[in-house]
Amino acid sequence: MLKRISTQQLTLGMFIEAVEGTPSNQEFLRRHRFLLRHEEWMRQLKLSGAESIIINTAKGYDADGDARAAAPPSDKRPETIAAVTHAVRSAADAISETFASAAAGGCVSLQGMAAAAGKISDAVQSNPAIFIGVTRLKSKDETTFVHSVSVSGLMMLFGNYLGLDRATVELLGISGLLHDIGKVEIPSSILNKAEGLSANEREIINLHPAFGRDILSRNAQMPEMVLDVCFNHHERMDGGGYPSGCAGGAISLYARLAAICDVYDAVTSVRPYKKPWTANDALTWMLRREGHFDMQLLKKFALCISAALPRA
């Protein structure tokens, strides 16, 4: 149920549908529909001069502070889990169709990917913990597609945490969905190989970012960010990545962000051939990989995950 409240009635755990009036921080006019999870956001909203706030009591806490009157952020009711699961599977199906079309020489539809990213955004904002839990479960046949959905959701979750504007966060979502599209050019015998890859097979795998950029470039309207993330999400800060071996500031913020989300999802996912790592184990391991990630960005990602998964 939608409800109008004053900014002074705000509390953590509310789901913000809209900010009314002319707040001094115009970012809040663009950042509508989000779960209020951070003290700093709440403080800024209360000081912004906004006239009123529209909250959704079906997705977060009510103004009376009674968690029983609403579905709280940690809501794990069967219907909530089912709704998030449906959104994930629907987006994965859209990715599967897009990849199949690309493999046949077709262009990627930005409209279709934007719609899929919108569904993922709704799911991750309504309950990030359930979204992350659902996307950890990947069967052998759907690994690439659910992984793409998960990376998309993580990138949008992190983008919102960093305070990026709505348009940028939406593009992050599309970029996450399409970052691995080049894998349609890689033989399935290599992609699905459970044991270690040979040096030759690894060289073939390492071609997928370039393949992906070529596929996405068939659409002349493809945003530069989407091309950038696809081509550079395996680059490393020390220059030891691929396909170009660029380093440091030569790697965009968006590609650095994607690299973190990509690896985090990969190591925390349930796969037929390996046990998943816990969030703590994954983040600890990632923080020890000097030269691989942007460490300042990774530390912020760890805080973002901790906020989404209190026991992470």
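The structure presented is a predicted model; accordingly, all values stated were derived computationally and were not measured.

### So, the overall build of the protein chain
Per the secondary structure count, the protein chain includes 14 helices and four strands. For the protein chain, contacts bridging at least 24 residues in sequence account for 67% of all contacts bridging at least 6. Summing over all exposed atoms, the protein chain offers an accessible surface of approximately 13900 Å²; the carbon and sulfur share of this is 52%.

### Some thoughts on empty space enclosed by the protein
In total, this model carries three cavities of 30 Å³ or more according to the counting rule given. One number sums up the size of the largest cavity: a volume of about 150 Å³. Lining the largest cavity are 14 residues, with Leu 35, Arg 37, Trp 41, Leu 157 and Asn 160 positioned closest to its centre. The set of elements that each furnish at least two residues to the lining of the largest cavity consists of β3 (34-35), α4 (110-126), α6 (143-161) and α14 (295-308). For the lining of the largest cavity, a count of residues per class yields ten nonpolar, three polar and one charged. Taken as a whole, the second largest cavity encloses approximately 50 Å³ of empty space. Around the second largest cavity sit Glu 235, Arg 236, Met 237, Ile 251, Ala 255, Arg 256, Ala 259, Ile 260, His 292, Phe 293 and Asp 294, which together line it.

### A word on the confidence of the model for the protein chain
On average, residues of the protein chain score 87 in pLDDT, and 88% of them reach the 70 mark or higher. A low-confidence stretch, residues 66-73 (pLDDT under 50), is modelled with 20 contacts involving residues beyond four sequence positions or located in other chains.

### Observations concerning the nonpolar core
Grouped together as the largest cluster of nonpolar side chains are 65 residues, with contacts concentrated most on Leu 178 and Tyr 264. Top contributing element to this core by residue count: α6, with nine residues. Not counting chain neighbours up to four residues away, the residues in contact with Tyr 264 comprise Leu 154, Ala 279, Ala 282, Leu 283, Met 286, Phe 301, Ile 305 and Leu 309. Leu 10, Val 19, Leu 36 and Ile 53 belong to the second largest nonpolar core, which has 13 residues in total.

### Description of the sheet that holds strand β4 (residues 52-56)
Within the open sheet, the four strands sit side by side as β1-β4-β2-β3. Their pairing is antiparallel. The outermost strands of the open sheet, each flanked by one partner alone, are β1 (2-5) and β3. Where β1 and β4 come together, four bridges link them in antiparallel fashion. What sits directly across from Arg 4, in β4, is Ile 54.

### Some thoughts on the pairing of β4
Of all five residues in β4, five are buried, a share of seventy percent or more. The alternating pattern of β4 places Ser 52, Ile 54 and Asn 56 on one face and Ile 53 and Ile 55 on the opposite face, and all of these are buried. The sheet contact formed by strand β2 (residues 15-20) and β4 spans four bridges and is antiparallel. Note on β4: the bridge partner recorded for Glu 20 is Ser 52.

### Some thoughts on the pattern of salt bridges
Tallied over the entire structure, the rule returns four salt bridges. For Asp 180, the salt bridge identified is with Lys 183, shortest N-O distance 3.3 Å. Classification of Asp 180 by relative accessible area gives buried; the value is 2%. By relative accessible area, which is 21% here, Lys 183 ends up partly exposed.

### Focus on unusual backbone geometry
A cis geometry characterises the amide bond from Tyr 242 onward to Pro 243, with omega recorded as 10 degrees. Relative to the elements of secondary structure, Pro 243 occurs in the loop between α11 (224-232) and α12 (253-268).

### Regarding the packing of helix α10 (residues 208-216) against α11
Any two packed helices are characterised by the angle at which their axes cross and by the distance between the axes. Following both chains from N to C, one finds α10 and α11 inclined at 160 degrees, their axes separated by 7 Å at the closest point. As judged from the angle between their axes, α10 and α11 are roughly antiparallel. Two secondary-structure elements touch here, α10 through Pro 209, Ala 210, Gly 212, Arg 213 and Leu 216 and α11 through Val 226, Leu 227, Cys 230 and Phe 231. Per-class residue counts for the contact of α10 with α11 are seven nonpolar, one polar and one charged.

### Thoughts on the environment of Asp 180
Tracing the chain through its elements places Asp 180 in the loop between α7 (166-178) and α8 (188-191). Sequence separation of Asp 180 and Asp 262 is 82 residues, and the distance between their C-alpha atoms is 9.8 Å. Look past the residues within four positions of Asp 180 in its chain and what remains in contact with it is Phe 99, His 147, His 208 and His 233. A polar side-chain atom of Asp 180 sits 3.2 Å from a polar atom in the side chain of His 179.

Reading guide: rules and limits
Residues numbered from 1 in each chain as written. Predicted model: local features only at pLDDT ≥ 70, side-chain atom pairs only at ≥ 80, totals over all residues. Heavy atoms only, no water. Helix = DSSP H or I, 4+ residues; strand = E, 2+ residues; numbered from the N terminus. Contact = heavy atoms within 4.5 Å. Areas by Shrake-Rupley, 256 points an atom, 1.4 Å probe, with all protein chains shown as cover. 1 Å grid on protein atoms, 1.4 Å probe; cavity = no way out; pocket = protein on both sides within 12 Å on 5 of 7 lines; lining within 4 Å. Points joined across faces, edges and corners; volume = space filled by probe spheres on them. Nonpolar A, V, L, I, M, F, W, Y, C, P; charged D, E, K, R; others polar. pLDDT = per-residue confidence, 0-100. Core = buried A, V, L, I, M, F, W, Y, C linked by side-chain atoms within 4.5 Å. Buried < 20%, exposed > 50% of the residue type's maximum accessible area, 1.4 Å probe, protein only. Pairing = 2+ DSSP bridges. Salt bridge = Lys/Arg side-chain N within 4 Å of Asp/Glu carboxyl O. Axes fitted to C-alpha atoms, helices over the stretch in contact; angles between N-to-C directions. Parallel < 35°, antiparallel > 145°, perpendicular 65-115°, else oblique. Polar contact = N/O pair within 3.5 Å; in protein donor to acceptor, adjacent residues only side chain to side chain.

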